[in-house]
There are 2 protein chains.
Amino acid sequence: MTADTPHPLDPLSAIEIKQVVSIVQKARGDDDTHYIFSSVSLLEPPKDQVLAYLGWNTPSSSSSISNTIEREAKVVLLDRLSSKIHELVVSLTKGAITRWDHPMVKGQPGLHMDEMDEAQHHIRVSQRVIDECAKLGISDMSMVYADTWTVSRHKTKNNMRLSQVLLYLRTSKNDNMYAHPLDFYPIYDFNSCKVIDIEYAQPPDSEHTVRDVPMMNRQYLPEQIGAKNLRQDIKPIHITQPDGVSFKFTGRDLNWQKWGIQIGFNYREGLVLYNIRYKDGNDTRPLIYRLSLAEMVVPYGHPSKIFNRKMALDVGEFNVGAMTNSLQMNCDCVGSIHYLDAVVCDMHGVPRTIANAICVHEEDVGILQKHTDPRGHGSYSTRSRRLVISQIITAANYDYGMYYYFYQDGTIQYEIKATGELNTHALSKDESPHPYGTQISPQLNGQHHQHHFCMRIDPMVDGTANSVAQVDLVPSDLPTGHPGNDFGNGFYLTTTIFDDTDSAKTMADASKGRTWKIINEAKLNPYSHEPVGYTLVSPHTPPLLPKPDSLVAQRATFATKTLWVTPYVDDQLYPAGFYCIQSHEPMGLPVWTKENQSVRNKDVVLYFTFGLNHVVRVEDFPIMPVESCGFTLRPNGFFAGNPAIDVPPINYLEKASCHIG
Amino acid sequence: MTADTPHPLDPLSAIEIKQVVSIVQKARGDDDTHYIFSSVSLLEPPKDQVLAYLGWNTPSSSSSISNTIEREAKVVLLDRLSSKIHELVVSLTKGAITRWDHPMVKGQPGLHMDEMDEAQHHIRVSQRVIDECAKLGISDMSMVYADTWTVSRHKTKNNMRLSQVLLYLRTSKNDNMYAHPLDFYPIYDFNSCKVIDIEYAQPPDSEHTVRDVPMMNRQYLPEQIGAKNLRQDIKPIHITQPDGVSFKFTGRDLNWQKWGIQIGFNYREGLVLYNIRYKDGNDTRPLIYRLSLAEMVVPYGHPSKIFNRKMALDVGEFNVGAMTNSLQMNCDCVGSIHYLDAVVCDMHGVPRTIANAICVHEEDVGILQKHTDPRGHGSYSTRSRRLVISQIITAANYDYGMYYYFYQDGTIQYEIKATGELNTHALSKDESPHPYGTQISPQLNGQHHQHHFCMRIDPMVDGTANSVAQVDLVPSDLPTGHPGNDFGNGFYLTTTIFDDTDSAKTMADASKGRTWKIINEAKLNPYSHEPVGYTLVSPHTPPLLPKPDSLVAQRATFATKTLWVTPYVDDQLYPAGFYCIQSHEPMGLPVWTKENQSVRNKDVVLYFTFGLNHVVRVEDFPIMPVESCGFTLRPNGFFAGNPAIDVPPINYLEKASCHIG
């Protein structure tokens, strides 16, 4: 394909964004200044059209469609004066607006980074904020920084787009501001650009007292640590590919080893992978239609006011794609790197290119498989190589590395590395942060929290008609000594295929070694005689600790179950709703699954939540070493055997006796 | 130190083994041929002497001891005629036997690899085995191979050292024999070197029928796959350290970054790490006195005869150290490798050197910590480096890679990579392996099983007086809407310090995000004001699926709990007992903890079991891609902050702008 004929799943280019914005601006007329472009992004074509385009013909599609896929953009406009939302479809093919809706929604559109910058400006000049700062002895407002968290839900003002602002002080230009939190909380309206209130973090039934600002500096930047205090004894490791990389791009379609992957991106989810397939002999077999981090939530456990609203839905509220870092060679990734840029737009509809937003590279990851014949028949050992497709985002204090891995043995893995800064709060002298946090510096509280990441997995395991099964390993019912369990060792596998959305709402259960399996019941493995499938497994599935009727559970209902399965519906993408800021009615998964529906032998979508508990350590400050979590999709009876036995061992390749390859 | 003055914890050298064996042979006299040297290895000096030697002076030790530590060997002799065991202590310092005991034990000593080779020879010439093979159409006994599993426990013959032999056929020289299991099971006595019986794998209350040998070949060696069928598109990755490695050895004491580690090894546990410490400013702080994989058990779930005895305790029964592979450069490890050899001895007391048994190297493992200031104050990103100390062992069909990792942020990690071959059995035509296994090839059954690995952790967190706490994260007791839990988000940390061995017997609980913490109650963190400590955490803690009164639970009681804590006692090393083959009375942990004892503010030892469920996949054959599990020890309030903030970011070091270091 050429630049003129994008792949139907290619993100909008900067040129296309400009075209769309221009079309909308023309149509909109005079009242321009009240509107912001909340989002401008590709409206993904209907799945049956794309399947036909990709050659995965389904009964309801025909290949003739492939020539007629319309290139469309979805545009969300927000009228900041009236708080009204406009949803537009702009056809780039036709050069025209083809839909203009005024949806009634019980939530607010997500935030732009430039809205947050704008907010900081308005907060700094707010007299109420200046007065509060003065009480704390702060007069230089340019040293006060604002992290504009959302209010989660507001008892009376959900028609406004509100932030409860967390403020920090810098004691010098590049000072680590999270060492100096201010203990008052402006309530800011993003639409009117005004501070409408000041709130305080008081416990129930108590008067607030604004705590002093913790003033001990806690730095981590090398120029602050001082060159002579840095470790001097780390000898370089060079990772190079003198013959180049083993992968190849056609447009944004990537081929590596037996894998094929179409790399998408949008302002909200960031990386989206489409059309994931694997070459098995002469067949190319489809595995996944679309894969993305569709939502996340980070609830904090402290029940006091302000803190009890801390439950960032970073994907839908703050737009993970737009928060993507420009990556730096040999810092964020090492080796032979292929970068892709990403294009998002600001609130005025101006495209912004994030250079080096996506990193594609290969890694050696230890042994793939090995066996030594203890009877002198030799030793066989093969190195494992993986393809990494990654991005790193910054959500205020936190930074998340997000890594898709593809392995030679058919395994797909996703890992999130959490790093960056703790969200901190002030403590009074002699105030204990227990049992909700850890004192990480004098009068500085790092509060315990959880991270729940919801992956949307739209599978096509050998076709779109798939089922999902729960697979448990359970002890025998028979007592020890029974003829059927003489020595008491008996345990066995149980497999329950989900018939409907209700039965598919399931929790992780480590006591049963629970995994799930995405299967195609119409196709049996030649050896196991079971449906071909992929196992979904994660050792990182903490339950949502807030109550089932908590505000967190209402707004991020996805996190109350480890797995949900739904029948595929175009435009059902976001498990906590599209307008999830201040969402105040059920959205997404609870709505889609309100009525029980069949999910067996159907085009289905899985929503899988994994994550981690972050019990704050003193060692997480002044910057957090990476903590990691993720999940794995492993072929399980999908192939007729280990698909990686054709990976040559290093010692078999003469020319590569000293190096991998 | 020189070769003449070994470190007190250095393994016996080949010369020392020869000296010991010579002393024993002289003393033993004429009846030589009945005896085998079951084991010859270092008798580790009493802990108080070693602590004094290391400079960790304790009240009960004095530095004067350091000059007088005796170099001693523990020798176990087995009289194969009488089945009697002799336990000797040989002083190398004195050149004499200083103890000679005849212990009465309810188990058998572990197996040598040459005993297993010897067994294969005797089995091949056994007329009963030849007759059974003839019935299956096998006449060339040189193509029949024997894996000599133990019988676990025998109803009447525990005075013999028995194997239930799993037999396989090779159809050509390097054929994958696990594709061709024979369905009859010789019972072999290692002491008399005779096949004493043939058993069959019949289900309860049924006659046995010997199943045919599955004859489909399933190969994985490259010469069998064929050069033209191997992947051609893997471009080399070179990992080099042009300036050399960043670590330094003094004898077997290793210094890397701020870590210090003494590397030990014995025939049973393989790698043993001693005296693990971390340099914190000007202080070197002790963390762990001794760390090793002390035992493991691999129970299978199939309840039929033969299969229900499959519960390999590979450390104590088969000797992980002696089964260690010689590692091959750029196959098993890549980069700049430092190897250590290991010395074990055969059953005749002859030393055997395993070249390149231990691999020491550094790895780049992605980002260590990163933060981008979204307000234009720049991006900070640091690469993580880890030190790897590893060995790979082969236990008949299975291969295990065992990796100790040390990170710059004070984290210690241990990983086991399971690979190699499935243990396979024959199926009749149309016989289903369900629900206890998967058919992985025509008439070939791969049975589901578990791997439980028991780490012995002998900590000294800032000294030997330590305590252990269980740390849970639990939802608030207050209902949503209560003033103390208005939004229902409340959750908090509970910390329970174990007073005694009974309360310390605990299970993993993912629903509470349970971790454990090794603490020194006498020393508080300057910021958290909590005892300094290290958190013990693993996401891989499946419960033992066999019943609490099963034979597995009786012989491998350690696996019935995730954690045990005991007061330190010299010579308590092996949680399932020293003589664990055919163990038929409680040994190890259940005996040591029979009486409840205090473990608070004491020199304590932790036994921590982690592992994995292996639900067999078709893709695990003809060779298994690596499956991994492990645990982590993370500083938690041990330091006054992230100890890795002095690791320079790559982009800060001018000379290393393109490469790590």
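From a predicted model like this one, the values you see are computed outputs, not experimental measurements.

Further remarks concern the overall build of chain A. Check the secondary structure of chain A and you find 9 helices and 31 strands. Projecting the C-alpha coordinates of chain A onto the three principal axes gives extents of approximately 80 × 60 × 60 Å. Out of the 661 residues belonging to chain A, those deemed buried represent 65%. Within chain A, contacts between residues at least 6 apart in sequence are counted, and of these 66% link residues at least 24 apart. Carbon and sulfur atoms form 51% of the exposed surface of chain A, whose accessible area is close to 22,100 Å². In chain A, which carries 60 positive and 74 negative side-chain charges, the distance between the mean positions of the two groups comes to 1 Å.

Here the focus is unusual backbone geometry. With an omega of -5°, the peptide bond running from H434(A) to P435(A) counts as cis. Within the secondary structure, P435(A) is located in the loop between β21 (424-426) and β22 (437-441). P622(A) follows F621(A) through a cis peptide bond whose omega is 5°. Note on placement: P622(A) falls in the loop between β30 (602-614) and β31 (624-635). The phi torsion at I306(B) lies on the positive side, around 70°, for a residue other than glycine.

Across the contact, 172 residues belong to chain B and 172 residues belong to chain A. In total, chain B and chain A occlude about 14,600 Å² of area from one another, counting both sides; carbon and sulfur atoms represent 56% of this. Of all residues in chain B, R231(B), I237(B) and F487(B) give up the largest surface area on contact with chain A, accounting jointly for 6% of the area buried on that side. If you look at where chain B meets chain A, you find 11 salt bridges.

Residue and element names in this part refer to chain A. Relative to the assigned elements, K517 resides in strand β27 (residues 515-524). Buried charged residue K517 carries no salt bridge. Nearest counter-charge: E530, at 4.1 Å. Ignoring any residue separated from it by four or fewer positions in sequence, one finds K517 in contact with S467, V468, A469, V471, E530, Y534, T535 and N636.

Turning our eyes to something else, we now look at the confidence of the model for chain A. When the pLDDT values of chain A are averaged, the result is 94; 95% of them are 70 or greater. For this predicted complex, the interface score ipTM comes out at 0.96, alongside a pTM of 0.97.

The subject of this paragraph is the relation of the copies chain B and chain A. Overlaying chain B on chain A yields an RMSD of 0.0 Å, the required transformation being a rotation through 180° with an accompanying axial translation of 0.0 Å. Interpreted geometrically, this transformation is the action of a two-fold axis. The C-alpha atom lying nearest the rotation axis in chain B is that of I239(B); the distance is 2.3 Å. Take the interface residues of chain B: 100% of them recur as interface residues in chain A, which is what a same-surface contact looks like.

Residues and elements named next belong to chain B. Overall, antiparallel pairing links the 4 strands, which are arranged β5-β6-β7-β8 in an open sheet. The sheet is open, and its two edges are formed by β5 (144-150) and β8 (194-199), each paired on a single side. Each strand of the sheet is rotated relative to its neighbour by a mean of 35°, with strand direction disregarded. Direction of pairing for strand β7 (residues 185-189) relative to β8: antiparallel, over a ladder of 5 bridges. Bridge assignment links D189 to a residue of β8, and that residue is K194. Across the sheet, helix α3 (residues 113-124) is in contact with β5, β6 (162-169), β7 and β8; its angle to β5 comes to roughly 125°.

This paragraph deals with the packing of aromatic side chains. One pass over the full model with this rule turns up 50 aromatic pairs over all chains. With 6.1 Å between their ring centres and 90° between their planes, F247(B) and F249(B) make a pair best called edge-to-face. Overall, F249(B) belongs to the buried group, its relative accessible area being 19%. What links up through ring pairs into an aromatic cluster is the set Y398(A), Y400(A), Y404(A), Y414(A), F453(A), W516(A), F608(A), F610(A) and F631(A).

Our focus in this paragraph is the domain arrangement of chain A. Residue and element names in this part refer to chain A. You can read the domains of chain A as domain 1 (14-101) and domain 2 (288-656). Each of domain 1 and domain 2 has a C-alpha centre, and these two points are 30 Å apart. Across the boundary between the two partners, domain 1 contributes 23 residues, which contact 19 residues of domain 2. Buried area between domain 1 and domain 2, summed over both chains or domains, comes out near 1,600 Å², and the portion from carbon and sulfur atoms is 62%. D458 serves as the salt-bridge partner of K47, at 2.7 Å between the closest nitrogen and oxygen. Scanning the region where domain 1 abuts domain 2 turns up 6 residue pairs in polar contact (both at pLDDT 80 or more). Put simply, the parts of the chain that give the side of domain 1 that touches domain 2 at least two residues each are α1 (14-28), β1 (35-42), α2 (47-54), β2 (72-79) and β3 (84-91). A total of 5 residues in the side of domain 1 that touches domain 2 trace back to one element, the largest contributor, which is α1. Residue composition of the side of domain 1 that touches domain 2, grouped by class: 14 nonpolar, 3 polar and 6 charged.

This part is about the UniProt feature "domain: Copper amine oxidase N3-terminal" (unreviewed entry) in chain A. Residues given the UniProt feature "domain: Copper amine oxidase N3-terminal" (unreviewed entry) here are residues 111-201 of chain A. In this annotation, residues 111-201 of chain A is assigned 23% helix and 29% strand; the end-to-end C-alpha distance for the span is 24 Å.

On to helix α2 (residues 47-54) of chain B. Residue and element names in this part refer to chain B. Among the residues of α2, those classed as buried are K47, V50, L51 and A52. Those residues of α2 hidden inside the fold are in contact with β14 (283-299), β24 (449-459) and β30 (602-614). Looking one or two residues past α2, G55 carries a phi angle of roughly 90°, positive in sign.

Residues and elements named next belong to chain A. Structurally, S152 can be placed in the loop between β5 (144-150) and β6 (162-169). The class of S152 is buried, set by a relative accessible area of 1%. Residues S152 and E317 lie 165 residues apart in sequence; the distance between their C-alpha atoms is 9.7 Å. Once residues within four sequence positions are removed from consideration, S152 is found in contact with R309, M311, L551, R555, Q582 and S583.

Note that strand β3 (residues 84-91) of chain B and strand β4 (residues 96-101) of chain B share 5 bridges and pair antiparallel. Looking across to β4(B), one finds that E87(B) is bridged to D101(B).

All names here are of chain A. Between its first and last C-alpha, α1 extends 21 Å over 15 residues, near the 21 Å set by a 1.5 Å rise per residue. All buried positions along α1 are accounted for by E16, I17, V20, V21, I23, V24 and R28. Angular distribution of buried residues about the axis of α1 spans 155°; they occupy a single face of the element. Turned more than 90 degrees away from the buried face of α1, the exposed residues are I15, K18 and K26. Along its buried surface, α1 packs onto β1, β2, β3, β4 (96-101), β16 (338-345) and β17 (351-373). G29 sits one or two positions beyond α1 and adopts a positive phi of about 80°.

With the rule as written, the count across this model stands at 74 salt bridges over all chains. Note that R211(A) is salt-bridged to D183(A), the shortest N-O span being 2.9 Å. With R211(A) in the loop between β8 (194-199) and α5 (222-225) and D183(A) in the loop between β6 and β7 (185-189), this pair connects stretches of sequence that are 28 residues apart. For the pair R211(A) and D183(A), one class covers both residues: buried. Where D509(B) meets K512(B), a salt bridge forms, and the shortest distance between an N and an O atom there is 4.0 Å. Classification of K512(B) as partly exposed rests on a relative accessible area of 31%.

Right, let's talk about the sheet that holds β7(A) for a bit. All names here are of chain A. Taken together, the 4 strands give an open sheet; going across it, the order is β5-β6-β7-β8, and neighbouring strands pair in antiparallel fashion. The strands lining the two open edges of the sheet, one partner per strand, are β5 and β8. The average undirected angle you get between the axes of adjacent strands in this sheet is 35°. Along the sheet, helix α3 (residues 113-124) makes contact with β5, β6, β7 and β8, crossing β5 at roughly 125°. Contacts from helix α4 (residues 127-135) reach β5, β6, β7 and β8 within the one sheet, and its direction differs from that of β8 by about 35°.

Before going further, it helps to spend a moment on the pairing of strand β18 (residues 378-395) of chain B. Residue and element names in this part refer to chain B. Counted residue by residue, β18 has 16 buried out of 18 residues, so it is predominantly covered. In this sheet, β18 lies alongside strand β17 (residues 351-373) in antiparallel orientation, the contact comprising 12 bridges. Note that in β18 the partner of Q369 across the bridge is T382. Adjacent in sequence and paired antiparallel, β17 and β18 are bridged by 4 residues, among which G376 carries a positive phi angle near 85°. Linking β18 to strand β19 (residues 398-407), which pair antiparallel, is a turn of 2 residues; within it A396 sits at a positive phi near 55°.

Reading guide: rules and limits
Residues numbered from 1 in each chain as written. Chains lettered and ligands numbered in written order. Predicted model: local features only at pLDDT ≥ 70, side-chain atom pairs only at ≥ 80, totals over all residues. Heavy atoms only, no water. Helix = DSSP H or I, 4+ residues; strand = E, 2+ residues; numbered from the N terminus. Buried < 20%, exposed > 50% of the residue type's maximum accessible area, 1.4 Å probe, protein only. Contact = heavy atoms within 4.5 Å. Areas by Shrake-Rupley, 256 points an atom, 1.4 Å probe, with all protein chains shown as cover. Lys, Arg positive; Asp, Glu negative; His and termini not counted. Charge placed at Lys NZ, Arg CZ, Asp CG, Glu CD. Buried area = accessible area lost by both parts, 1.4 Å probe. Salt bridge = Lys/Arg side-chain N within 4 Å of Asp/Glu carboxyl O. pLDDT = per-residue confidence, 0-100. Least-squares fit on C-alpha atoms with pLDDT ≥ 70 in both. Pairing = 2+ DSSP bridges. Axes fitted to C-alpha atoms, helices over the stretch in contact; angles between N-to-C directions. Phe/Tyr/Trp six-rings, centres within 6.5 Å; stacked < 30°, edge-to-face > 60°. Domains from an automatic or database assignment. Polar contact = N/O pair within 3.5 Å; in protein donor to acceptor, adjacent residues only side chain to side chain. Nonpolar A, V, L, I, M, F, W, Y, C, P; charged D, E, K, R; others polar. UniProt positions renumbered as here; feature names shortened; annotations may be inferred. Expected span 1.5 Å × (residues − 1). Arc of directions from axis to C-beta.

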